[in-house]
Amino acid sequence: MRMPQVERLPGLPERVTIYEVGARDGLQNEKAIVPAEVKAELVRRLAAAGLDMIETTSFVNPTWVPQLADAAEVLDLLGDLGRGANRPVLVPNERGLDRALEAGVGAIAVFGSATETFARRNLNRSVAESIEMFRPVVDRARAEGLWVRGYVSMCFGDPWEGDVPIGQVVDVCRSLTDLGIDQLSLGDTIGVATSGQVVSLLGALDRVGIGPDQIGVHFHDTYGQALANTLVALREGVTVVDASAGGLGGCPYAKSATGNLATEDLLWALEGAGVQTGVDLEAVVETSRWLAGRMGRPSPSRVVKALTGG
Ligand code: HMG
Ligand code: MG
């Protein structure tokens, strides 16, 4: 398989951790329900490709997201491979945490919003109420020794509210970090961010004590900006990047959200720039090809298309 010619790009970290969200963000938005065994096989293949951090599923209200109603079954099929501090699951509330603990998870992610409209639509709560919903979840999770991530959605623009003031994003980020999470993930849920915004937000967070070492970036690729925004974030010191195999993804409660930054597109750029990831590009491409076959449609990733001839 063709690989990029390597030319180190100054200013990038030596090593980047790819936080793989295909099995969760990717599959939560599929019209067809993907069988639990296919989901488990996806996680197995991603792990075998060298992806270390893999978000496996969601313990949300199954009426809201029926695509991931089989969360416990998927983890059951995965056995030890689905558990541990590097296999987070989405958990919105204590009911979700109970289910996740019963399934034996070692890491969770709560998910807030920078805007009121999306908080209502995604969590049926105001921003402040959602933080209060997360508080006992994070407390209990930490008491159980779990690793905890906190997402903030709509950091760079919102489909209903338009522009989102940076101060508003910073406030929600602070509320989440004050809960005692291990990592914050900045979500561009609808893929509208541009690189200046990324630099400004990371700078504003740094000024309130939330440095790039505590942050992951989560760009959806709706406007084709995800990779550019990621490279800018890496130059600002971020070393954790969310991506989904094949570029699957979206959010059922934000209609203008399309897929995440594709893991393969990210890998092509990082390999070429001489940044280590520990991930085998060819194995991820093969996984996306296999999944596309199961889903009956081609992968949206440019790199997958280029390397597999369509
Ligand atoms: P609600 O309806 O307000 O919940 O939903 P409730 O607390 O009123 O409970 C209603 C019923 O649901 C009760 O059952 C609960 O037990 C049950 P009943 O007593 O009527 O029989 N219930 C649950 N069942 C199983 N698991 C649970 C659970 N919770 C309640 N966890 C809630 C509130 C937060 C639960 C709901 O709004 C929800 O599940 N939302 C999740 C939406 C979602 O998953 N969105 C996609 C993920 S976010 C995303 O993709 C963005 C991200 O990628 C970053 C980015 O791109 O920006 C992370
Ligand atoms: Mg997302």
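In case you missed it, the structure is sitting above this.
Here's what I pulled together on the structure shown here. (Residues numbered from 1 in each chain as written. Chains lettered and ligands numbered in written order. Predicted model: local features only at pLDDT ≥ 70, side-chain atom pairs only at ≥ 80, totals over all residues. Heavy atoms only, no water.)

**Here we look at the overall build of the protein chain**
Within the protein chain, the regular secondary structure consists of 12 helices and nine strands. Radius of gyration (C-alpha) of the protein chain: 18 Å, near the 19 Å computed for a compact globule of 310 residues. Along the first, second and third principal axes, the C-alpha set of the protein chain runs to 50 × 40 × 35 Å. Per-residue burial for the protein chain yields a buried fraction of 55% across its 310 residues. Within the protein chain, contacts between residues separated by at least 24 positions form 76% of all contacts whose residues are at least 6 apart in sequence. Within the structure as shown, the protein chain displays about 12,300 Å² of accessible surface, and the carbon and sulfur contribution to it stands at 48%. (Helix = DSSP H or I, 4+ residues; strand = E, 2+ residues; numbered from the N terminus. Rg over C-alpha atoms; globule rule 2.2 N^0.38 Å. Buried < 20%, exposed > 50% of the residue type's maximum accessible area, 1.4 Å probe, protein only. Contact = heavy atoms within 4.5 Å. Areas by Shrake-Rupley, 256 points an atom, 1.4 Å probe, with all protein chains shown as cover.)

**Regarding the environment of alanine 243**
Here alanine 243 shows up in strand 9 (residues 240-243). Given the relative accessible area of 0%, alanine 243 is considered buried. Along the chain, alanine 243 and glutamine 276 lie 33 residues apart, while their C-alpha atoms are 16 Å from each other. Ignoring any residue separated from it by four or fewer positions in sequence, one finds alanine 243 in contact with Ile18, Tyr19, Glu20, Val21, Gly22, Leu261, Ala262, Thr263 and Leu266.

**A word on the pairing of strand 8 (residues 215-219)**
Burial analysis of strand 8 places five of its five residues in the buried class, which makes it a mostly covered element. Bridge analysis of strand 7 (residues 183-188) against strand 8 gives five bridges, and the strand direction is parallel. Across the sheet, the residue bridging to glycine 187 is histidine 218, located in strand 8. Taken together, strand 7, helix 8 (residues 195-207) and strand 8 constitute a β-α-β crossover, and its handedness is right-handed. Where strand 8 meets strand 9, two bridges bridge the pair, whose relative direction is parallel. Across the sheet, residue valine 217 finds its bridge partner in strand 9, namely valine 241. Assessed by its sense of winding, the connection that carries the chain from strand 8 through helix 9 (residues 226-235) to strand 9 is right-handed. (Pairing = 2+ DSSP bridges. Right-handed = clockwise from strand over helix to strand, strands pointing away.)

**Structural notes on the sheet that holds strand 3 (residues 57-58)**
Here we have nine strands laid out as an open sheet, ordered 2-1-9-8-7-6-5-4-3, and parallel in their pairing. Looking at the sheet topology across the chains shown, the edges are occupied by strand 2 (53-54) and strand 3. As defined by bridge partners, strand 5 (residues 107-113) adjoins strand 6 (residues 147-153) across seven bridges and the pair is classed as parallel. Paired with glycine 112 across the strands is valine 152, a residue of strand 6.

**Details of the state of the cysteines**
Tallied over the full model, the rule gives zero disulfides. Of all cysteine sulfurs, the one in cysteine 155 lies closest to cysteine 173, which takes part in no disulfide; the gap is 5.2 Å. A relative accessible area of 0% places cysteine 173 in the buried class. (Disulfide = S-S within 2.5 Å.)

**Observations regarding the coordination of the magnesium ion (ligand 2)**
For the magnesium ion (ligand 2), the protein coordination sphere consists of Asp25 (OD), His218 (NE2) and His220 (NE2), at 2.1 to 2.3 Å. Residue histidine 218 is classed as buried on the basis of its relative accessible area of 5%. Histidine 220 sits in the buried class, given a relative accessible area of 3%. (Donors = N, O, S within 2.8 Å, 3.2 Å for Na, K, Ca; no water.)

**Topic: the site of ligand 1**
Neighbouring ligand 1 are 28 residues; Gln28, Asn93, Asn124, Ser153 and Thr189 lie closest to it. Take asparagine 93: an N or O atom from its side chain is 2.8 Å from a nitrogen atom of ligand 1. Within the contact set of ligand 1, an oxygen atom lies 3.0 Å away from a side-chain nitrogen or oxygen of histidine 218. Protein contact buries 75% of the 1,100 Å² of open area that ligand 1 shows by itself. Assessed atom by atom at 2 Å from the grid points, ligand 1 resides in the largest pocket. Within the residue set of the shell around ligand 1, elements represented by two or more residues are helix 1 (22-26), helix 4 (94-102), helix 5 (116-123) and strand 6. Among the elements that make up the shell around ligand 1, the one with the highest residue count is helix 4 (three residues). Split by residue class, the shell around ligand 1 holds 12 nonpolar, 11 polar and five charged. (Near = heavy atom within 4 Å. Polar contact = N/O pair within 3.5 Å; in protein donor to acceptor, adjacent residues only side chain to side chain. 1 Å grid on protein atoms, 1.4 Å probe; cavity = no way out; pocket = protein on both sides within 12 Å on 5 of 7 lines; lining within 4 Å. Sits in = over half its atoms within 2 Å of the grid points. Nonpolar A, V, L, I, M, F, W, Y, C, P; charged D, E, K, R; others polar.)

That's the geometry; what it means functionally is another story.
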